[in-house]
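Chain by chain, the residues:
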Amino acid sequence: MHTENQVPALEKRITELEKENLLLQEKVAFLTRKLYGRSTEQTSSLGIEGQMSLFDEAESSADSFAVEPDLKDVASYRRRKFKGQREELLKDIPHEKKLCTLAEEDRFCEKCGTPLVSVGEEFVRTEIEFIPAKVRVIDYYRETFECRNCRREGTGFMEKSPMPYPVIQHSYASPSTVAWVIHQKYELAVPLYRQEKEWADLGVTLSRATMSNWILASYRDWLSPVVGLLKEKLLEQNYFHIDETPVQVLLEPGRKNTTDSYMWVYCSIKSSSHPIRMFDYQPGRSGTFPQKFLKDYTGYIHTDAYKGYEKVMGITQCFCWTHLRRYFVDSLPKDVNSPQATIPAQAIRYINRLFELEKNLEVLSPEGRKEERLIQEKPVLEAFWSWAETASAGILPKPKLGEAFTYAFNQ
């Protein structure tokens, strides 16, 4: 039997356990969605119809647009032809005419045996031919010239012809091979071990270690000044984005393979006339890294709310509505039709409305976008903040929904 003095304490403990249980259920649902759910954040710009469009977008899109034709429609189908379409697609590719003709011994009339005479030709079709890559070795020789007159007078004069500078000293690499390796790895995402096999198929034994050395030497001798100039030009822009993402580096001296390093990405805004994207590898996530990169910079940077950026002095920091939206998406309960989904769903509707308006303004100049934002988006923002003040009342800070409102008000 519990005494009367123990009942309030037990009731308080039950309440605490119920809250803890709700938090744990929310965390399990969140982690399950992260593990098994769709990773994309794209949704219909109009919000959550019936509080379900976050999760049934594929199904709703399929229902709206994928009307399967019946067999009669398929049987009568004819591909539409657009005059000049093929010529337009192939206009920049070299053309070679191939005339199919009769062999000399077949140029006779089957009826009377008289020799046939060509009276014209007709166009039949166009094909694209793929010519596989080939490798050749270029042996450079340098010619030497002598002045015979000076030789007769005993003052010999000789001169050697100039030579093109090698892309890498003491290497059989050519500019084209190095450029191809870099293009394959960084533009087409073909790792060096696959390139190694590709070279072997062409008859060249070229190890991934050699190719790696080529890349490093090319950066040291040729590309580092270009990178320096790109950074200089990027820091001349008034606005850009920054983000950092963890990477693991194998066999890095003095560090375990499981240690997180970071790739800091500095990127021009979408409307920049000279778009630049720079990747800056650093061993950690300290705010000193962007502080060093952005030394003496006084523009605007668009980031998430990571505290490390506060170390950068002289900048104006802008925050991201996509990050805020992600907080509200994460706070949706497992059953999006439940009453608990009403508040985060409404927040997502507001933010999606902003995204929809912003997309429609992309065609305008920066000045035009600013003017229209004040006209079209400002009322949405004012409605969102007014709603958020009321909707957040009484919501505890620890649950996901509380975190979302905290993030909204803090940033």
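Residues numbered from 1 in each chain as written. Predicted model: local features only at pLDDT ≥ 70, side-chain atom pairs only at ≥ 80, totals over all residues. Heavy atoms only, no water.

Participant: Just checking my understanding: could you explain the sheet that holds strand β6 (residues 300-302) for this structure?
Facilitator: Pairing between the strands of a sheet comes from backbone hydrogen bonds, and it takes one of two forms, parallel or antiparallel. Strand order across the open sheet formed by five strands is β5-β4-β3-β6-β7, with mixed pairing between neighbours. On the outer flanks of this sheet lie β5 (277-282) and β7 (316-318), each paired with one strand and no other. Each adjacent strand pair in this sheet contributes to an overall mean axis angle of 25°, direction not counted. With six bridges joining them, strand β4 (residues 260-268) and β5 adopt antiparallel strand pairing. Within the sheet, the bridge partner assigned to M263 lies in β5 and is Y281. Contacts between helix α8 (residues 208-234) and the sheet are confined to β3 (239-248), β4 and β5, with β5 contributing the most and set at about 110° to the helix. (Pairing = 2+ DSSP bridges. Helix = DSSP H or I, 4+ residues; strand = E, 2+ residues; numbered from the N terminus. Axes fitted to C-alpha atoms, helices over the stretch in contact; angles between N-to-C directions. Contact = heavy atoms within 4.5 Å.)

Participant: I tried to follow the nonpolar core on my own but got confused; where do I start?
Facilitator: The nonpolar side chains of a soluble globular protein tend to be buried, and buried together. In terms of nonpolar packing, the biggest core is built from 21 residues, with L324, F328, F384, W387 and F405 touching the most fellow members. For this core, the elements supplying multiple residues, two or more each, are α10 (321-330), α11 (342-360), α12 (366-391) and α13 (400-410). When residues of this core are assigned to their parent elements, the largest contribution, six residues, is made by α11. When neighbours within four sequence positions are excluded, F328 is seen to be in contact with P344, A347, I348, I351, F384, L401, A404 and F405. (Core = buried A, V, L, I, M, F, W, Y, C linked by side-chain atoms within 4.5 Å. Buried < 20%, exposed > 50% of the residue type's maximum accessible area, 1.4 Å probe, protein only.)

Participant: Any chance you could explain a nonpolar patch on the surface here in plain terms?
Facilitator: On the surface, Y165, Y219, W222, L223, V226 and L230 cluster together to form a nonpolar patch covering roughly 610 Å² of accessible area. Looking at the element boundaries, V226 is found in helix α8. (Patch = residues over 30% accessible without salt bridge, like charges linked within 9 Å, V, L, I, M, F, W, Y side chains within 5 Å. Areas by Shrake-Rupley, 256 points an atom, 1.4 Å probe, with all protein chains shown as cover. Salt bridge = Lys/Arg side-chain N within 4 Å of Asp/Glu carboxyl O.)

Participant: What is the right way to read the packing of aromatic side chains from this model?
Facilitator: If you walk through the whole model with that rule in mind, you get 20 aromatic pairs. On the numbers, 6.0 Å between centres and 85° between planes, the contact of W264 with Y309 is edge-to-face. Placement of the pair is W264 in strand β4 and Y309 in the loop between β6 and β7, with a sequence separation of 45 residues. Y309 sits in the buried class, given a relative accessible area of 0%. On the numbers, 6.1 Å between centres and 40° between planes, the contact of W385 with F409 is tilted. Of this pair, W385 sits in helix α12 while F409 is found in helix α13, placing the two residues 24 residues apart along the sequence. (Phe/Tyr/Trp six-rings, centres within 6.5 Å; stacked < 30°, edge-to-face > 60°.)

Participant: Which parts of the structure should I look at to understand the packing of α10 against α13?
Facilitator: For any two helices packed against each other, one specifies the crossing angle of their axes together with the interaxial distance. Interaxial distance between α10 and α13 falls to 8 Å at its minimum, and their mutual angle equals 165°. Taken together, the axis directions place α10 and α13 in an arrangement best described as roughly antiparallel. Where α10 crosses over α13, the two elements pack in a sense that is left-handed. Listed contacts from α13 to H323, L324, Y327, F328 and D330 of α10 are K400, L401, E403, A404, F405, Y407 and A408. (Parallel < 35°, antiparallel > 145°, perpendicular 65-115°, else oblique. Left-handed = near helix turned anticlockwise from the far one by under 90°.)

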